[in-house]
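Per-entry structural report
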Amino acid sequence: MFMSSKEVNKSRIWKKLERHYKSFRKTEMRDMFKKDPQRAEKFSISLDNLTFDYSKNRINERTMKYLLTLAKERKVAEKIQQMFSGEKINKTENRSVLHIALRNRANTPIYVDGQNVMPKINDVLAKMRKFTEAVRLGEFKGHTGKKLTNIVNIGIGGSDLGPKMAVEALKKYWAKDTNCYFISNIDGTACAEVLNKVDPETTLFIVSSKTFTTIETLTNAKTCRKWLVDALGEHAVAKHFVAVSTNVKEVEKFGINPENMFEFWDFVGGRYSMWSAIGLSIAIAIGMDNFEKMLEGAFAMDNHFKTAPLAENIPVIMALLGVWYNNFFGFKSIAVIPYDQYLQYLPAYLQQLDMESNGKHVSLDNQYIKYSTAPVLFGGAGTDVQHSFFQMIHQGTSIVPCDFIVPAISHNEIGEHHEILLANVLAQGEALMRGKTVKEAVEELKKSGKSKEEIEELKKYKSFPGNRPSNTIVLKKVDPYSLGMLVAMYEHKVFVEGVIWDINSFDQMGVELGKQMALSILPELGGNATGLSHDSSTSRLIELIRKLRK
Ligand code: F6P
């Protein structure tokens, strides 16, 4: 029998985990490491060139046994199969969830409503190859006959964050003469700053929007279109604008020829869409062969996720650790810290993936949820963030489990840079785990020649609580294949957490209310208010802004 969401935190296994947490919560990781020399080996999983070390977590064998029982009782394995077989697991929108089909390199049929989706996916991949090669070779030229070397992706959310993250991550693979830009924010500055840098004759705009109704994207696209038409005339649009969308009608209405449109489908969620034609900017930048390598990396992770036993399944273990900390320890945030400059946009990408997917308060069986769901995800590139929020991670009163991601080999092995970076990432994980006791701090202060009074004064400030969890994910190098693996790993982690929490991770109704209200406030800012029906704060702010803008 499948448990309802009401039963999730009332189930026997949940109660067992609660009791286990109470008896285990004070156990120190440093002691567990001392007692068990095999701990790192026991709690690590490797797949190709990716190793996931989760030994620096507040777990023992019993914890994992109970968490895996929870996964079994929540039917994680069955849900994985349902997703891969095209079942409509996005219940609120009655849709299949098939980002995995976009990278199904084995080309095995996957059916939606009795139709194999693979042929249309392959057709779009072939169209992407033809187009991207033509752009890269300078065969598809701009209106005045010049090569298109400035690629501007106009999109927001899932139509921006994935491509932007991947394009940056794979900068070393860019075609030499290509530059990529991203316009997402409705703030005119976003548009202005990019348009200041590019030349209309050599610029290709990719308007990326699943729905083609998103106000930010359409407004930015209109501004860019006008800029282009002012410079080169109306006929230039066909040579400088392409669209990526599921909505042919709206694309046509906007004035882009459907021949210049790359399609995807409603079974691909926005934040899961970088593998589709939404990745067109990636494919132009790094070439279609490399884009397909990224798909292959994701496919390898998909196969692992689909076939590995739960106990050896990287995304499943990641998700169970997420649940362990969120629901039992009460840790409400997590940090992702890539130690690679090229992965600097990964935390922003994961923020949407995790928080838009699992920031929900109603379960799949239509009940208000009584336990906590998505944590706050934040992060940034190491070592930079060591000099910003790491003080709090080490000594703050809230505990923030961290994911450290690091490639063994850098694309820029200059002098000692990468070894220093590697030493830092390893040191952070160890420092968080071990901490420094007051006694150790006292010893250190003694050695540095401090007086008794000074030691008394400083010893607490200089101590570190430790026992703070982290995962370490080591890649050989940040290349298209490993990036594909890494991103797919997080996608599946988020999915499994959603399954445990009985959430539909694939809708995003929580973004609607703000959008609706913005539409009603818009005319009021211009002075066309028909009687302000807001709270007094909002009304006063509207008045104030009106005055300031006069
Ligand atoms: O923020 C809400 C959202 O619908 C995201 O889920 C999506 O990625 C983004 O807006 C952009 O939507 P679209 O691709 O339809 O323009």
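Residues numbered from 1 in each chain as written. Predicted model: local features only at pLDDT ≥ 70, side-chain atom pairs only at ≥ 80, totals over all residues. Heavy atoms only, no water.

Attention shifts here to the nonpolar core. Judged by nonpolar contacts, the single largest core of 125 residues is most densely connected at Leu50, Met128, Trp324, Ile473, Leu486 and Tyr490. The two domains that each donate at least three residues to this core are domain 1 (5–73 + 308–417 + 472–507) and domain 2 (99–292). (Core = buried A, V, L, I, M, F, W, Y, C linked by side-chain atoms within 4.5 Å. Buried < 20%, exposed > 50% of the residue type's maximum accessible area, 1.4 Å probe, protein only. Domains from an automatic or database assignment.)

Taking strand neighbours across the sheet as the criterion, the six strands line up as β1-β2-β13-β12-β10-β11 in an open arrangement whose pairing is mixed. Looking at the sheet topology across the chains shown, the edges are occupied by β1 (44–47) and β11 (376–379). Each adjacent strand pair in this sheet contributes to an overall mean axis angle of 15 degrees, direction not counted. Where strand β12 (residues 402–407) and strand β13 (residues 470–475) come together, six bridges link them in parallel fashion. Along β13, the bridge assignment pairs Asp403 with Asn471. Seen against the sheet, helix α19 (residues 417–434) touches β12 and β13 and runs at an angle of roughly 155 degrees to β12. Packing against the sheet, helix α22 (residues 480–500) makes contact with β1, β2 (50–53), β10 (333–338), β12 and β13, and its axis sits at approximately 150 degrees to β13. (Pairing = 2+ DSSP bridges. Helix = DSSP H or I, 4+ residues; strand = E, 2+ residues; numbered from the N terminus. Axes fitted to C-alpha atoms, helices over the stretch in contact; angles between N-to-C directions. Contact = heavy atoms within 4.5 Å.)

For the rest of this paragraph, the subject is the domain arrangement of the chain. Often, the extent of an interface is quoted as the loss of accessible area on bringing the components together. As assigned here, the chain comprises domain 1 (5–73 + 308–417 + 472–507), domain 2 (99–292) and domain 3 (510–549). Each of domain 1 and domain 3 has a C-alpha centre, and the two are 40 Å apart.

Here we come to the site of the ligand. Around the ligand, the neighbouring residues are Ile156, Gly157, Gly158, Ser159, Ser209, Lys210, Thr211, Thr214, Gln352, Glu356, Gln508 and Val511. Within the side chain of Thr214, an N or O atom sits 2.5 Å from an oxygen atom of the ligand. Burial of the ligand by the protein amounts to 88% of the accessible area it has alone, namely 390 Å². The residue makeup of the shell around the ligand, split by class, is two nonpolar, eight polar and two charged. (Near = heavy atom within 4 Å. Polar contact = N/O pair within 3.5 Å; in protein donor to acceptor, adjacent residues only side chain to side chain. Areas by Shrake-Rupley, 256 points an atom, 1.4 Å probe, with all protein chains shown as cover. Nonpolar A, V, L, I, M, F, W, Y, C, P; charged D, E, K, R; others polar.)

Once that is clear, we can look at a positive patch on the surface. There is a patch of like positive charges on the surface, built from Arg12, Lys16, Arg19, Lys22, Arg25, Lys26, Arg62 and Lys65. Contributing elements (two or more residues each) for the positive patch: α2 (12–24) and α5 (61–73). When residues in the positive patch are grouped by element, the largest group, four residues, is from α2. By the element assignment, Arg12 lies in helix α2. By relative accessible area, Arg12 is classed as exposed at 74%. (Patch = residues over 30% accessible without salt bridge, like charges linked within 9 Å, V, L, I, M, F, W, Y side chains within 5 Å. Salt bridge = Lys/Arg side-chain N within 4 Å of Asp/Glu carboxyl O. Lys, Arg positive; Asp, Glu negative; His and termini not counted. Charge placed at Lys NZ, Arg CZ, Asp CG, Glu CD.)

Looking now at the pattern of salt bridges. This structure, assessed with the given rule, holds 30 salt bridges. One salt bridge connects Glu444 with Lys436, and the closest N-O pair in it is separated by 2.9 Å. Taking the relative accessible area as the measure of exposure, Glu444 reaches 47% and is therefore partly exposed. A salt bridge links Glu497 to Lys493, with the shortest nitrogen-to-oxygen separation between them at 4.0 Å. With a gap of four residues between them, Glu497 and Lys493 both fall in helix α22, about one helical turn apart. Of the two residues, Glu497 and Lys493, neither departs from the other in class, the shared state being buried. Salt bridges sharing partners connect three or more residues here, namely Arg105, Arg129, Glu133, Asp289, Glu292 and Glu296.

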